[in-house]
Amino acid sequence: MVLFVQCVDDNGTVFIGAADDLGYLVRDSKNATLKYKSLIKYIPIKEAFGHVWYTFYIDSSVFIITKNFIFQFTFPNNDYLKPVVNYWKTNPRYRIAHKVNEQLFVLDSEDGLLALW
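A brief report on the enclosed structure follows. (Residues numbered from 1 in each chain as written. Predicted model: local features only at pLDDT ≥ 70, side-chain atom pairs only at ≥ 80, totals over all residues. Heavy atoms only, no water.)

**Focus on the overall build of the protein chain**
Cut-off, in case you're wondering: Each helix is a run of H or I in the DSSP string that is no shorter than four residues. Each strand is a run of E no shorter than two, and both are numbered from the N terminus. The size measure is the radius of gyration over C-alpha atoms, and the globule rule it meets is 2.2 Å times the number of residues to the 0.38 power. Burial classes: relative accessible area under 20% of the type maximum marks a residue as buried, over 50% as exposed, and values in between as partly exposed (1.4 Å probe, protein chains only).
The number of helices and strands found in the protein chain is 0 helices and 11 strands. Listing each helix as α and each strand as β along the protein chain from the N terminus yields β-β-β-β-β-β-β-β-β-β-β. In summary, the protein chain has a C-alpha radius of gyration of 14 Å against a globular reference of 13 Å for 117 residues, a match within 12%. With the C-alpha coordinates of the protein chain rotated into their principal frame, the extents come out at 50 × 30 × 25 Å. The buried share of the protein chain, reckoned over its 117 residues, is 38%.

Below is the structure:
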């Protein structure tokens, strides 16, 4: 797997995205090595979402942005095995995304800069 993007939450957990996969890194029981844990099984859609373009940690949520979707993962009680997942179909005109002052912005090729979160 080739990793493309990453962000880190308040606990130091690294979230990563790749082609048609997304997840996080967790230390093994001896705290010696990192293992990849996929979050793909928690996503309630069945279609491929392609490459992950961006990941952002904003206000206790991890946002993962792909060509076709924006996913929001929250982890109540820091339980990474029971995430709450929301998702939105993206507008094909979205070009880039940025986090500024704990807000998520996307650039829409027709409507300009949009604040999404």
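**As for the nonpolar core**
Proteins that are soluble and globular tend to have nonpolar side chains buried together. Quick note on the threshold: Put simply, buried Ala, Val, Leu, Ile, Met, Phe, Trp, Tyr and Cys residues joined by side-chain atoms within 4.5 Å make one nonpolar core. In what follows, a contact means two residues having at least one pair of non-hydrogen atoms within 4.5 Å.
F15, L22, V62, F71 and F73 are the most contacted members of the largest nonpolar core, which totals 18 residues. When residues of this core are traced back to their parent elements, those giving at least two are β3 (21-27), β5 (52-58), β6 (61-66) and β7 (69-74). Excluding residues within four positions of it along the chain, V62 makes contact with C7, F15, F56, Y57, F71, Q72, F73 and F75. Counting 9 residues, the second-largest nonpolar core is a separate cluster that includes F56, I58, I65 and I70.

**Looking at the pattern of salt bridges**
Note the following rule: Any carboxyl oxygen of Asp or Glu that lies within 4 Å of a side-chain nitrogen of Lys or Arg is treated as forming a salt bridge with it.
Taken as a whole and judged by the stated rule, the model has 2 salt bridges. The salt bridge involving E47 is made with K89; its shortest N-O contact spans 3.7 Å. Of this pair, E47 sits in the loop between β4 (34-38) and β5 while K89 is found in strand β8 (residues 84-89), placing the two residues 42 residues apart along the sequence. Of the residues examined, K89 reaches a relative accessible area of 53% and is grouped as exposed. Note that E102 is salt-bridged to K99, the shortest N-O span being 3.4 Å. A relative accessible area of 41% means that E102 is categorised as partly exposed. Classification of K99 as partly exposed rests on a relative accessible area of 34%.

**Examining the packing of aromatic side chains**
Keep this limit in mind: Two aromatic rings, drawn from Phe, Tyr or Trp (for Trp, its six-membered ring), form a pair once their centres lie within 6.5 Å of each other, and the interplanar angle then sorts them: stacked below 30 degrees, edge-to-face above 60, tilted otherwise.
Inspection of the entire model under this criterion finds 11 aromatic pairs. Look at F69 and Y87: their rings are 6.0 Å apart centre to centre, the planes differ by 65°, and that puts the pair in the edge-to-face class. Highlighted residues: F69 in strand β7 and Y87 in strand β8, separated in sequence by 18 residues. Grouped by ring-pair contacts, the aromatic residues F15, Y24, F73, F75 and Y80 constitute a single cluster.

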